[in-house]
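The chain contents come next:
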Amino acid sequence: MSKNINPLSKELIQARLGEHPWSESIHVFVQVSSTNTLAKELAAQGAPSGTVLIADRQTSGRGRLGRTFLSPGDVGVYLSALIRPECAPAELMHLTCAVAVAMCDAVEAAIGFRPGIKWTNDLVVGSKKLGGILTELSLNSKSGLVDYAILGIGINCRQEAQDFDESIRNMACSARMVTGKDADRNQLAAEMIRALHRMEETLLTGRDEMMARYRADCITLGKEISILRGEDVFHGSALNIDAEGALIVRLDTGEIQTVNSGEVSIRGLYGYI
Ligand code: BTN
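Residues numbered from 1 in each chain as written. Predicted model: local features only at pLDDT ≥ 70, side-chain atom pairs only at ≥ 80, totals over all residues. Heavy atoms only, no water.

Caption draft 1: Structural detail: helix 6 (residues 207-217). By the burial criterion, the buried members of helix 6 are M210, M211, Y214 and D217. An end-on view of helix 6 places all buried positions within 120° of arc, on one side of the element. Across helix 6 from its buried face, at more than 90 degrees, point the exposed residues D208, E209 and A216. Lining the buried residues of helix 6 we find helix 3 (95-111), strand 4 (116-118), helix 5 (185-201) and strand 9 (232-241). (Buried < 20%, exposed > 50% of the residue type's maximum accessible area, 1.4 Å probe, protein only. Helix = DSSP H or I, 4+ residues; strand = E, 2+ residues; numbered from the N terminus. Arc of directions from axis to C-beta. Contact = heavy atoms within 4.5 Å.)

Caption draft 2: Local environment of the sheet that holds strand 5 (residues 122-125). Spatially, the 7 strands line up as an open sheet ordered 1-2-3-7-6-5-4, and their pairing is mixed. In this open sheet, the two strands that pair with only one neighbour each are strand 1 (26-29) and strand 4. For this sheet the average axis-to-axis angle between neighbouring strands, irrespective of direction, equals 20°. Here strand 4 pairs with strand 5 via 3 bridges, running antiparallel. Note that in strand 5 the partner of K118 across the bridge is D122. (Pairing = 2+ DSSP bridges. Axes fitted to C-alpha atoms, helices over the stretch in contact; angles between N-to-C directions.)

Caption draft 3: Spatial organisation of the nonpolar core. Within the largest apolar cluster, 63 residues are counted, with the highest numbers of intra-cluster contacts made by I54, M103, L196, M199 and Y214. Broken down by element, this core gets its largest block of residues, 12 residues, from helix 3. Aside from chain neighbours lying at most four places away, what touches M199 is L95, A98, V99, A102, L151 and M210. One finds L38, A43, L53 and A55 within the second-largest nonpolar core, a separate group that totals 10 residues. (Core = buried A, V, L, I, M, F, W, Y, C linked by side-chain atoms within 4.5 Å.)

Caption draft 4: Representation of the sheet that holds strand 9. An order of 11-10-9-8-12 is seen for the 5 strands of this open sheet, with the pairing classed as antiparallel. Looking along the sheet, the strands with just one partner apiece sit at the ends: strand 11 (256-259) and strand 12 (265-268). In this sheet, neighbouring strand axes are inclined to one another by 45° on average, regardless of whether the strands run parallel or antiparallel. In this sheet, strand 9 lies alongside strand 8 (residues 224-229) in antiparallel orientation, the contact comprising 6 bridges. Each residue of the ladder has a partner; that of L228, found in strand 9, is V233.

Caption draft 5: Looking closely at the site of the ligand. The environment of the ligand is made up of 21 residues, and the closest members are S34, Q58, R62, R64 and K129. Between the ligand and R62, the relevant distance is 2.7 Å, taken from an oxygen atom to a main-chain nitrogen or oxygen of the residue. Within the complex, the protein chains bury 97% of what would otherwise be the 420 Å² of accessible surface of the ligand. Per element, the largest residue contribution to the shell around the ligand is 4 residues, and it comes from strand 6 (residues 128-139). Considering only residue class, the shell around the ligand consists of 6 nonpolar, 11 polar and 4 charged. (Near = heavy atom within 4 Å. Polar contact = N/O pair within 3.5 Å; in protein donor to acceptor, adjacent residues only side chain to side chain. Areas by Shrake-Rupley, 256 points an atom, 1.4 Å probe, with all protein chains shown as cover. Nonpolar A, V, L, I, M, F, W, Y, C, P; charged D, E, K, R; others polar.)

Caption draft 6: Region of interest: helix 3. Across its 17 residues, helix 3 extends 24 Å between first and last C-alpha, which sits within 8% of the 24 Å expected from 1.5 Å per residue. Counting buried residues along helix 3, 14 of its 17 residues qualify, which places the element largely inside the surrounding structure. Count one or two residues on from helix 3 and you reach G112, which has phi positive near 100°. (Expected span 1.5 Å × (residues − 1).)

Right under this line is the structure:
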C-alpha cells in the first residue's frame, strides 16, 4: 500500500464540508471498537440528531446478520451518523435502501464513479464489494416510536487486492482499485455527511422517489440468485423490490416470495454477486 499522505482529520472534513448543520457534531477517532456501538452509547446519553462518528480503524467492526466487518487502519472510512426521526418504526422500512442510495451519491461526488448496490446493503463495483451498511434502530419503550437510528457505513478506499484478508480477497475491492488513485478520505467523509443529511431531510416524505433511485442502482434485479436463510438455500430470480425494500423473488418452484433483509442473505449463482 502507498504511504498515506492524507490522514483522516476533523478539521479537513469540516473544511471540505463548509458551513453545514452537522459540522459541529463531527467526532474523529484514531481507533474505536465500532462507531455504531459508540453511537448507540452516545444516543442513549442524549446525543443530538446529526452526531457523526468517524474512525480510522475499528477493532470490532460489525456487519449485518451478526457478521464481523474487518476495519483496518489507514485504508477506509468507517462512519456512523445518529438521527432521530419522529415516526413509527414501520415508516422506516426503507431506511437502509435510502442510505445505500445516499452512499452511491457520496462516492460519485467524492471519487468520480457510481457504485452499484447488491440488495440490500452492499456497495459493489463489478463483482466486488466496495463497502457495507448497517442501520440500527432503537425504540422508545413507552411510545413505541423511534428514539434514534444509527446509520453505519464502511467504505474501502486505499487497499490493493493483497491488502485484504484472504477470507474476503476475491470478494472485496477499494476505490483505489477502481480508479488507480488514492481517494481523499476526508472528501469522501464530507460527501457522506452531506448525502446522509440530504437523505434525512426527505426520509419520511420522499420514500417513493428514493426507492425508484434504489431500484435503478440495484444490480440484483433481474439476476438469478441463491437465498440463504439459516441452513436453508433457495434458488430463484430477483423480480422487483417493493416500496419497503423487500426483494420479490420467483423461486425455481414457480412460487413468488417476498424476502426481508433481516432474515436472509443472497448470493449470485456463481459467487458473491
Ligand atoms: C455489512 O457489510 O454487513 C455492513 C458493514 C457495516 C460497517 C460499518 S463501518 C461503520 C459502522 N460501524 C460498524 O461497526 N459497522 C458499520
